[in-house]
Amino acid sequence: MDWRGVLGEAKQLRIRVAGMVFFKVDKEKVIEATFDVDEVIKSLEKEEWVSAAASLLKVYDLIEDYRNTLSKMELEYDDTLKVLETKTALIEGFIGKQIEKEESNSCPGKVKIMRKSERNSSIRLHRYLRRRMS
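Not measured: the values here are computed from a predicted model. (Residues numbered from 1 in each chain as written. Predicted model: local features only at pLDDT ≥ 70, side-chain atom pairs only at ≥ 80, totals over all residues. Heavy atoms only, no water.)

1. Examining a negative patch on the surface
A grouping of D26, E28, E32 and D61 is seen on the molecular surface, where their side chains present a negatively charged patch. Summarising the element assignment, E28 is placed in helix α2 (residues 27-46). (Patch = residues over 30% accessible without salt bridge, like charges linked within 9 Å, V, L, I, M, F, W, Y side chains within 5 Å. Areas by Shrake-Rupley, 256 points an atom, 1.4 Å probe, with all protein chains shown as cover. Salt bridge = Lys/Arg side-chain N within 4 Å of Asp/Glu carboxyl O. Lys, Arg positive; Asp, Glu negative; His and termini not counted. Charge placed at Lys NZ, Arg CZ, Asp CG, Glu CD. Helix = DSSP H or I, 4+ residues; strand = E, 2+ residues; numbered from the N terminus.)

This is the structure:
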């Protein structure tokens, strides 16, 4: 997916997150997550990949809270959860590739983040960001 496609996905994610105010989740977290998605969009537009990834990590808190409100049956069939997870995974994958590309251009001898699956890449990106921010 290209940069414009990811930006469009982020804007659609913002609409979904803002609409979660009508779901059974904490309204304050929905408002915070909406602002975080706005920060992701701004960072993507400025091509500030680490900042975008850090803001996207905060959106995962809302998704996790929403997941915890669902029963096992609802988890399997909930379209909102699937859309939220899919869009965040797409955005995160793009950001991870951009960070990897920048690192390979700036530090050719440095160890790169390798991706094997969406779930593992998410965990690796979280660890990378924690190391980078500390």
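That shown, we press on.
2. Observations concerning the nonpolar core
Considering soluble globular proteins, one finds that nonpolar side chains tend to be buried as a cluster. The biggest cluster of nonpolar side chains holds 28 residues, and the ones touching the most others in it are L13, V17, M20, L44, L62, I91 and I95. At the level of secondary structure, the elements contributing two or more residues to this core comprise α1 (3-19), α2, α3 (49-69) and α5 (79-106). Sorting elements by how many residues they give to this core places α3 first, with eight residues. Ignoring anything within four residues of it in the chain, the contact list for L62 reads V17, M20, V25, K29, V30 and A33. (Core = buried A, V, L, I, M, F, W, Y, C linked by side-chain atoms within 4.5 Å. Buried < 20%, exposed > 50% of the residue type's maximum accessible area, 1.4 Å probe, protein only. Contact = heavy atoms within 4.5 Å.)

3. Considerations on the packing of aromatic side chains
Applying the stated criterion across every chain yields a total of two aromatic pairs. Between F23 and Y66, the aromatic rings sit 5.4 Å apart at their centres with planes inclined by 90°, giving edge-to-face as the arrangement. One end of the pair, F23, is in the loop between α1 and α2; the other, Y66, is in helix α3, and 43 residues separate them in sequence. Note on F23: relative accessible area 30%, which makes it partly exposed. Ring geometry for W49 and F94: centres 5.7 Å apart, planes at 80°, overall edge-to-face. (Phe/Tyr/Trp six-rings, centres within 6.5 Å; stacked < 30°, edge-to-face > 60°.)

4. Observations regarding the packing of α1 against α2
Put simply, α1 and α2 touch, their axes get as near as 9 Å, and they point 170° apart. The orientation of α1 with respect to α2, classified from their angle, is roughly antiparallel. Crossing hand, α1 versus α2: left-handed. Of the residues in α2, those touching α1 at W3, V6, L7, A10, K11, L13, R14, V17 and A18 are V30, A33, T34, V37, D38, I41, L44 and E45. Of the residues belonging to the contact of α1 with α2, the class tally is twelve nonpolar, one polar and four charged. (Axes fitted to C-alpha atoms, helices over the stretch in contact; angles between N-to-C directions. Parallel < 35°, antiparallel > 145°, perpendicular 65-115°, else oblique. Left-handed = near helix turned anticlockwise from the far one by under 90°. Nonpolar A, V, L, I, M, F, W, Y, C, P; charged D, E, K, R; others polar.)

5. Topic: α1
Each full turn of the α-helix corresponds to 3.6 residues, which orients residues three or four apart in the same direction. Taking 1.5 Å per residue as the helical rise, α1 with its 17 residues ought to reach 24 Å, and the 25 Å between its terminal C-alpha atoms agrees with that figure. All of the buried residues along α1 are V6, L7, E9, A10, L13 and V17. The buried residues of α1 occupy one face: seen down the axis, they fall within an arc of 160°. With respect to the buried face of α1, the exposed residues turned more than 90 degrees away are R4 and I15. (Expected span 1.5 Å × (residues − 1). Arc of directions from axis to C-beta.)

6. A short note on unusual backbone geometry
Positioned with a positive phi, E47 is a non-glycine residue whose angle comes to about 60°. Secondary-structure assignment places E47 in the loop between α2 and α3.

7. Overview of the environment of A89
Tracing the chain through its elements places A89 in helix α5. Since its relative accessible area comes to 22%, A89 is described here as partly exposed. With 33 residues separating them in the primary sequence, A89 and L56 have C-alpha atoms 9.9 Å apart.

8. Remarks on the pattern of salt bridges
For the structure on display, the rule yields six salt bridges. Among the salt bridges present, the one from R14 reaches D38, with a minimum N-O distance of 2.5 Å. Of this pair, R14 sits in helix α1 while D38 is found in helix α2, placing the two residues 24 residues apart along the sequence. Owing to a relative accessible area of 30%, R14 belongs among the partly exposed residues under this scheme. Residue class for D38 comes out buried when judged on its relative accessible area of 18%. Within the structure, one salt-bridge network assembled from shared partners comprises E64, R67 and E85.

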